[in-house]
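# Descriptive structure summary
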Amino acid sequence: MFFVDTLELEGLGNRSYLAGGAGGAVVVDPPRDVDRVIAAAARRGVRIALVAETHVHNDYITGGLELARLTGARYLVPAAATVAYARVPVADGDTFPVDEGLVLRAIATPGHTPHHTSYVLEDGGRAGAAFTGGSLLIGTVGRPDLVEPRLTERLARAQHASAHRLADELDDDVPVHPTHGFGSFCSSAQSEGDATTIGRERRHNDALTRDVDAFVADLLTGLDDVPAYYAHMGPANAAGPAPVDLTPPRPADAEEIAARLAAGEWVVDLRNRVAFAEGHVAGAFNFEGEEKLATYLAWLVPWGKPVTLLAETSGQVADAQRELARVGIDRPAAAATGDPAAWVREGERLASFPRARFADLAGARERGGVVVLDVRRDREREADGFVDGSVHIPVHELPRRTGEVPDGVVWVHCAGGARAAIAASLLDAAGRDVVAVDDGFGAAADAGLRLRRPADAR
């Protein structure tokens, strides 16, 4: 008998796994904050015998090297991956004992990266679980364009072949446990559902139901933007990440917050977008702690820029610090908690801006003088249409393109409100008059706003 415990990394849209038997276990694709993994193993009462990486990750900093050091586990990394530290190089077909009767077998599954490797946990010689990393995902595969543009089509074809290899070698009832696909930008499409098997993928996954040419053509057409911070993850993982430091950041008072803003540093308010709009430190940016904090903050912030965190509680700061450490933003420069009124110097007031619905935008457009800024990604705008006459700047491009926003009161929207709040805070910090549209995009047509599609504009 064996177990598989899933460790969710919801902010990044990834999963790690602890799997094993009564005494020993393997950890697959661990997060950087390895204390979570060690605690999970302690709850199970098992020794971590192996730490296995499916690939050198492009979307987060691994905790594998540190976890292996702390536990004495063997650190399994694909042999073809170029790394600067000692590890157990893994080749296709290699096997490693996990516990009595349990063996981990490596299957070369190139595609997401050239060296990508999946692992099958075998119980008494029979496959019991497949850990597929960025290869076979739920209803899709990992994207093939994160390594080198010249390799993208070749890796897309390799993804198709790797998916077929897994389907050919494993029985239909074998559970599939991918690392990516739950909101991660490493997935070529977003997964539907949170569990799958080889048999289900055989019936529904395009990589297994379509011929290679059709599959590759659609896969390459559907690739979305790549977060800017990905460029830093692979090199950090190949070099060997430093141990994570989650000790609390130094407290900042109003004077220090003002000084850091004056120095051009980033002050990030983690509160929800309603509270931020009602009152915030002028110049601060709003990245809600409960949204995709790490993805969007790491995507937008100039790499290496000091970040100060503002939040209602120290627990919110700690949660954000943990999430940011997973993407290489190691130490907040400082933090402040409590009443926002204490974050501004004596005699200064909190800034604010209004929030609205699409129905309010429809009324404002009739009166004139309104700029509509759409901050969704290109593919969203293409798929769902856009408000006629709107300006389009994806939120991840806005910091360097703020000057392109036309004069006037800027009504900024996204698909649901969270990215609009980020964009509104960026524009507010730049001195623009802004209204954050906190509404689902589906309400735009209901409000009487005319929607168009890119084909209509040609």
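No experiment lies behind these values; they were computed from the predicted model shown. (Residues numbered from 1 in each chain as written. Predicted model: local features only at pLDDT ≥ 70, side-chain atom pairs only at ≥ 80, totals over all residues. Heavy atoms only, no water.)

### Brief notes about the pattern of salt bridges
Condition: Between Lys or Arg on one side and Asp or Glu on the other, a salt bridge is scored when a side-chain nitrogen of the former is within 4 Å of a carboxyl oxygen of the latter. Here a strand is any run of E in DSSP of at least two residues, a helix any run of H or I of at least four, and the numbering for each starts at the N terminus. Categorising residues by exposure relies on relative accessible area from a 1.4 Å probe, with only protein chains included: less than 20% of the type maximum marks a residue as buried, more than 50% marks it as exposed, and the intermediate range marks it as partly exposed.
Per the counting criterion, the structure on display carries 41 salt bridges. Linking arginine 210 and aspartate 218 is a salt bridge whose minimum nitrogen-to-oxygen distance equals 2.2 Å. Across the pair aspartate 245 and arginine 331 runs a salt bridge whose closest N-O atoms are separated by 3.7 Å. Here arginine 331 lies in the loop between α11 (314-325) and β16 (334-337) and aspartate 245 lies in the loop between α7 (230-239) and α8 (254-262), a separation of 86 residues in the sequence. Taking the relative accessible area as the measure of exposure, aspartate 245 reaches 36% and is therefore partly exposed.

### Topic: the pairing of strand β11 (residues 175-178)
Applied cut-off: Paired strands, in this sense, are two strands between which DSSP finds at least two bridges. If you view a crossover with the strands going away from you and the path from the first strand over the helix to the second runs clockwise, you call it right-handed.
Summarising the sheet, strand β10 (residues 126-133) and β11 pair through three bridges and their orientation is parallel. Looking at β11, one finds that phenylalanine 131 is bridged to histidine 177. Handedness of the β10-helix α3 (residues 152-169)-β11 crossover: right-handed. In the sheet, β11 pairs with strand β12 (residues 196-197) via two bridges, with the strands oriented antiparallel. Paired with proline 175 across the bridge in β12 is threonine 197.

### Remarks on the sheet that holds strand β14 (residues 285-286)
Two strands in a sheet stick together by hydrogen bonds in their backbones, pointing the same way (parallel) or opposite ways (antiparallel). Cut-off, in case you're wondering: It only takes one pair of heavy atoms within 4.5 Å for two residues to be counted as in contact. For helices, the axis comes from a line fit to the C-alpha atoms of the stretch in contact; other axes are also lines fit to C-alpha atoms, and the angle between any two N-to-C directions lies between 0 and 180 degrees.
Sheet architecture is open: four strands sit in the order β14-β13-β15-β16, paired in parallel fashion. This sheet does not close on itself; its edge strands, each paired only once, are β14 and β16. α11 contacts β15 (307-311) and β16 of the sheet and is inclined by roughly 145° relative to β15.

### Comments concerning the sheet that holds strand β3 (residues 24-28)
Read across the open sheet, the six strands follow the order β1-β2-β3-β4-β5-β6; overall the sheet is mixed. Each end of this open sheet is capped by a strand with a single partner; those strands are β1 (3-9) and β6 (88-90). When strand polarity is set aside, the average angle formed by the axes of neighbouring strands in this sheet is 25°. Looking at chain direction, strand β2 (residues 14-20) and β3 are connected through four bridges and run antiparallel. Bridging across to β3, tyrosine 17 finds its partner in valine 28. Along the sheet, helix α1 (residues 35-44) makes contact with β1, β2, β3 and β4 (47-52), crossing β1 at roughly 150°. With respect to the sheet, helix α2 (residues 64-71) is in contact with β3, β4 and β5 (74-78), its orientation differing from that of β4 by roughly 150°.

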